[in-house]
Amino acid sequence: MSVQYTNEPMLDMLIFETTQLIEQLEQSILNSEKSSCYTEDAINEIFRIMHTIKGSSAMMMFNNISTLAHSMEDLFYFLREEKPSNVDCSTLSDLLLEGVDFIKLEVEKLKNGDNADGDAAALIDRINKFLSVLRQGNNSTVSTKEIKVGQIDTKKQQYYISQSKVEASTYNNAYKAIIYFEDGCGMENIRAYSVIHNLKDFTDQIFYLPDDIIDNDECIEAIRNGGFKVYLKTDCSYEEMHKIFMQTIFLKNLELIQLENDDELKQFLEEKEFTDQEYFNKAPCQHAIYKEAKEYTDKELHSPPTQQSMISVSVSKLDKLMDLVGEMVIAEAMVIQNPDLKDLELDNFQKAARQLNKITDEMQDMVMSIRMVPLSATFHKMHRVVRDMCKKLGKEVELKIFGEETEVDKNIIEHISDPLMHLVRNAIDHGIEPHEDRLAKGKSQAGIITLEAKNAGSEVQVIVKDDGKGLSKEGILKKAKENGVLYKSQEDMTDREIFNLIFLPGFSTKDSITEFSGRGVGMDVVTKNIETIGGSVSVDSVPEKGTIIMLKIPLTLAIIDGMNIRVGKSRYTIPTISIKESFRPNEGDIITDPDGNEMIMVRGQCYPILRLHEIYRVKTGITNFVDGIIIMVEQDGKSTCIFADELLGQQQVVVKSLPEYIKNYKKIGGLAGCTLLGDGSISLILDVGGLINI
Amino acid sequence: MKKVLIVDDAAFMRLTIRSILEKNGFEIVGEAENGEKGVQKYKELKPDLVTMDITMPEMTGIEALKHIKEYDPNAKVVMFSAMGQELMVREAIINGAKSFIVKPFTEDHVMQVLNKILII
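Residues numbered from 1 in each chain as written. Chains lettered and ligands numbered in written order. Predicted model: local features only at pLDDT ≥ 70, side-chain atom pairs only at ≥ 80, totals over all residues. Heavy atoms only, no water.

1. Comments concerning the overall build of chain B
Reasoning step 1: Broken down by element type, chain B carries five helices and five strands.
Reasoning step 2: For chain B, the α and β elements follow one another from N to C terminus as β-α-β-α-β-α-β-α-β-α.
Reasoning step 3: The burial tally for chain B puts 60% of its 120 residues in the buried class.
Reasoning step 4: Once local pairs closer than 6 in sequence are excluded, the contacts in chain B between residues at least 24 apart make up 64%.
Reasoning step 5: Accessible area for chain B stands at about 4,200 Å²; split by element, carbon and sulfur atoms hold 48% of it. (Helix = DSSP H or I, 4+ residues; strand = E, 2+ residues; numbered from the N terminus. Buried < 20%, exposed > 50% of the residue type's maximum accessible area, 1.4 Å probe, protein only. Contact = heavy atoms within 4.5 Å. Areas by Shrake-Rupley, 256 points an atom, 1.4 Å probe, with all protein chains shown as cover.)

2. A word on the environment of Phe402(A)
Residue and element names in this part refer to chain A.
Reasoning step 1: Take Phe-402: it is sitting in strand E7 (residues 397-402).
Reasoning step 2: Under the relative-accessibility criterion, Phe-402 is labelled partly exposed at 41%.
Reasoning step 3: Between the C-alpha atoms of Phe-402 and Glu-452, which are 50 residues apart in sequence, the distance is 4.6 Å.
Reasoning step 4: In this structure Phe-402 touches Phe-379, Thr-450, Leu-451, Glu-452 and Ala-453, once residues within four positions along its chain are discounted.

3. Concerning the pairing of strand E2 (residues 26-32) of chain B
Remark: a regular strand shows side chains that alternate across the two faces of the sheet.
Residues and elements named next belong to chain B.
Reasoning step 1: Note: strand E1 (residues 2-7) against E2, six bridges, orientation parallel. Bridge pairing links Leu-5 to Gly-30 in E2.
Reasoning step 2: Following the chain from E1 across helix H1 (residues 11-23) to the adjacent parallel E2, one finds a crossover that is right-handed. (Pairing = 2+ DSSP bridges. Right-handed = clockwise from strand over helix to strand, strands pointing away.)

4. Quick notes on the nonpolar core
Generally speaking, a soluble globular protein has its nonpolar side chains buried in company with each other.
Reasoning step 1: If you look at the biggest cluster of nonpolar residues, it comprises 119 residues, and the most contacted ones within it are Phe76(A), Ile103(A), Val230(A), Phe245(A) and Leu21(B).
Reasoning step 2: Two domains each donate at least three residues to this core, and these are domain 1 (8-142) and domain 2 (152-278) of chain A.
Reasoning step 3: Excluding anything up to four places from it in sequence, Phe245(A) contacts Ala177(A), Ile179(A), Val195(A), Leu199(A), Val230(A), Leu232(A), Leu251(A), Leu254(A) and Leu256(A).
Reasoning step 4: Listed in part, the 47 residues of the second largest apolar core include Val397(A), Ile413(A), Ile432(A) and Val460(A). (Core = buried A, V, L, I, M, F, W, Y, C linked by side-chain atoms within 4.5 Å. Domains from an automatic or database assignment.)

5. Description of the sheet that holds E7(A)
Residue and element names in this part refer to chain A.
Reasoning step 1: Pairing within the open sheet is mixed, and its five strands lie in the order E7-E9-E10-E12-E11. With one partner strand each, in any of the chains shown, E7 and strand E11 (536-542) form the two edges of the open sheet. Taking each pair of neighbouring strands and ignoring which way they run, the sheet shows an average axis angle of 15 degrees.
Reasoning step 2: Alignment of E7 against strand E9 (residues 447-456), held across six bridges, turns out to be parallel. Looking at E9, one finds that Glu-398 is bridged to Ile-448.
Reasoning step 3: With respect to the sheet, helix H14 (residues 376-393) is in contact with E7, E9 and strand E10 (459-466), its orientation differing from that of E7 by roughly 170 degrees. (Axes fitted to C-alpha atoms, helices over the stretch in contact; angles between N-to-C directions.)

6. Things to note about the pattern of salt bridges
All names here are of chain A.
Reasoning step 1: Applying the stated criterion across every chain, the model contains 37 salt bridges over all chains.
Reasoning step 2: We note a salt bridge from Glu-73 to Lys-54, for which the minimum N-O separation is 3.0 Å. Taken together, the residues Glu-73 in helix H3 (residues 63-82) and Lys-54 in helix H2 (residues 40-59) connect sequence positions 19 residues apart. Take Glu-73 and Lys-54: they sit in the same class, and that class is buried.
Reasoning step 3: The salt bridge involving Lys-443 is made with Glu-433; its shortest N-O contact spans 2.9 Å. Residue Lys-443 is found in the loop between helix H16 (435-440) and E9, and its partner Glu-433 is found in the loop between helix H15 (410-431) and H16; the two are separated by ten residues along the sequence. (Salt bridge = Lys/Arg side-chain N within 4 Å of Asp/Glu carboxyl O.)

7. Looking at the packing of helix H12 (residues 315-336) of chain A against helix H13 (residues 347-371) of chain A
Residues and elements named next belong to chain A.
Reasoning step 1: The contact between H12 and H13 brings their axes to 10 Å, and the two run at 160 degrees. In this view, H12 runs roughly antiparallel relative to H13, as classed from their interaxial angle. When the axes of H12 and H13 are compared, the crossing they make is left-handed. On H13, the residues touching Leu-318, Asp-319, Leu-321, Met-322, Val-325, Met-328, Val-329, Glu-332, Val-335 and Ile-336 of H12 are Phe-349, Ala-353, Leu-356, Asn-357, Thr-360, Met-363, Gln-364, Val-367, Met-368, Ile-370 and Arg-371. (Parallel < 35°, antiparallel > 145°, perpendicular 65-115°, else oblique. Left-handed = near helix turned anticlockwise from the far one by under 90°.)

8. A word on the environment of Pro659(A)
Residues and elements named next belong to chain A.
Reasoning step 1: Counting through the fold element by element, Pro-659 comes out in the loop between strand E21 (646-654) and helix H21 (660-665).
Reasoning step 2: Given the relative accessible area of 30%, Pro-659 is considered partly exposed.
Reasoning step 3: A sequence separation of 15 residues divides Pro-659 from Cys-674, and the C-alpha atoms of the two residues are 9.0 Å apart.

9. Digging into the packing of aromatic side chains
For any pair of aromatic rings, the description rests on two quantities: the centre-to-centre distance and the angle between the ring planes.
Reasoning step 1: Scanning the entire structure with this criterion turns up six aromatic pairs over all chains.
Reasoning step 2: For the ring pair Tyr175(A) and Tyr238(A), a centre distance of 6.3 Å and an interplane angle of 45 degrees mean the geometry is tilted. Highlighted residues: Tyr175(A) in strand E2 (residues 173-181) and Tyr238(A) in helix H9 (residues 238-246), separated in sequence by 63 residues.
Reasoning step 3: Given the relative accessible area of 29%, Tyr238(A) is considered partly exposed.
Reasoning step 4: Seen from their ring centres, Phe80(B) and Phe105(B) are 5.2 Å apart, and the 85 degrees between their planes marks the pair as edge-to-face. Here the residue Phe80(B) occupies a position in strand E4 (residues 77-82), and Phe105(B) occupies one in the loop between strand E5 (99-103) and helix H5 (107-119), the gap between them amounting to 25 residues. (Phe/Tyr/Trp six-rings, centres within 6.5 Å; stacked < 30°, edge-to-face > 60°.)

This is how it looks when you write it as structure tokens:
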């Protein structure tokens, strides 16, 4: 671990940023692999990412990460500069992904507070080999290193005259300076170059040793050991020159000697030259620009900056904010619907209350929108899963993604990533058949897995679909019987019920658990994960056509728009989004079938009626349909009518889950949770989907 | 207090540089994550000093340096570069960067460079 910067926030930042970069990198690799070539943009991007990771991890002294990143950066530098045509993309992708995995693992170690002690030497070795193969294959432009070596052999030490050959005697004073840089300042050759660059303001007769400071890396050693020698002629006095040299950054030691005569200098004059005319021409005009710029800036100062900027906020703060807003919504209801205010004529109060209501609404929307994150990142992670699975299992699968822009609450995203991965793995492992089987069945060689997300009312549906062999009813039933999870006789079960058996704990259809799917845990983990966030899982399958697994997840966990209704002394809340209409029925519209099921005819359509007081066994004086009210609700295209005593009014409610002791006692159908009303009473939130299926 | 603008695409680097500088009594007036924003912020904030990464998306540090120098020839820009970017650093020096710091850097190095540049 780093000794220098042990500060936590930096490590956090490193982990956070590296994770993001790695994800971006992975995406870029997979896209490139799919199009079977690395575009210039992709190469640039990967290069940049590697560069950043290298820099950051080197800073924190995570040398294993930084050396690996460095080798990948080198590779991509070569790809970028030389654009070789003989790149083996698939090997390249493999190498990169392996690198990605390595870094991921190391970052994970850091996250858990462990040392990043992995060893990537073997991988680096392979990357370097890959690069050298590329270099060899790309003979037309031999690697830069080789050129350099060749040059040094032939060139030997040459003196370099940097300026045009003006008469050597125009300046009065000659100096010799030897500059030593501090140890470890890095790039001594460029530092030397900047010294020369600065001196050009004072003279045009400069000579220096070593002379090839830019092109030759080896001169770094020379400068480190023997110092950087500068000979120059100028009109400046010794003091002036000394001052100029002392400005050199990372100066460890300076030897400045005024030379008696030009002898030492003259030896330089015989050789090469290059002009720096341009530089001198530039100098005066820069001043002019500066003046203009000054005027311009004065004007600009008065206009305030309009740029939009971003900050990152910790999720825990957002959670807290969300909680507070929830409390505020309740508090608001408590004030506005306060029983003390009942039957009072309060015009001004009502006005103010409306204003308060409007603002809390907006505030809540804003907090929600802050927390919303598109599913795209989660979806795109699956590309990698698909790729790895296919390589291992020798299957060919195409992943199609729809609706990735669908947004859900940040908390929810975290919970669906694992289940989704599990489902995709399952689909590839168990669903999609091997090539030969597919071709024999007349299907396309590559299996298709579709990931789709869409908004449906107050929930988001995530669909994982494959076009594989489908679920085998017999297999499921047999397995269910073996594992004792069959809860009713198989003759009574619908296809759907049979398929849904796979979500029960202790169920796994494949005898041998493969490396990917399975892992000893079944689909019940998926169900558990989804249920913790208030969602549900269902499956449908057609033999030889494929399987569809649908995850329904709530948009957000916290606040919904609800209609409060009363049955007897109990209150219920129906999510407004699922209400179609409410009306007082006419006696004549009510139909009762021979089994005693009550139905109502609305505009020529028949809908079942649910008496809430019967379902939840509530005592009420209103049992006659015409005395109460009917609320028609709809979910997933299915409608039903709920019979209640009366409507109380619409309000935002904060969803709280039912207390554990109730849940533990018995799972009550049709309830999504509970909430606190303005007058302090508790209202049960109805789960419309659940009610319809009751 | 000297005002500094930090331009680097890596948030980690910005944080590291910021913490070093703040510890040593500099005021960080702004951060930018690419060259283009860096130039914009320079014009907006008029910092005494800019730390500039070289490899960045949208606009590289070199381009940004050129723009800043064009806007204010007296701008003090220090390049932050990784090993292996010698040619780019040279280009930066030619284009008026005051100096450069090689990553990974130490607090001591950074302070030496910045203090010296502010004296000049």
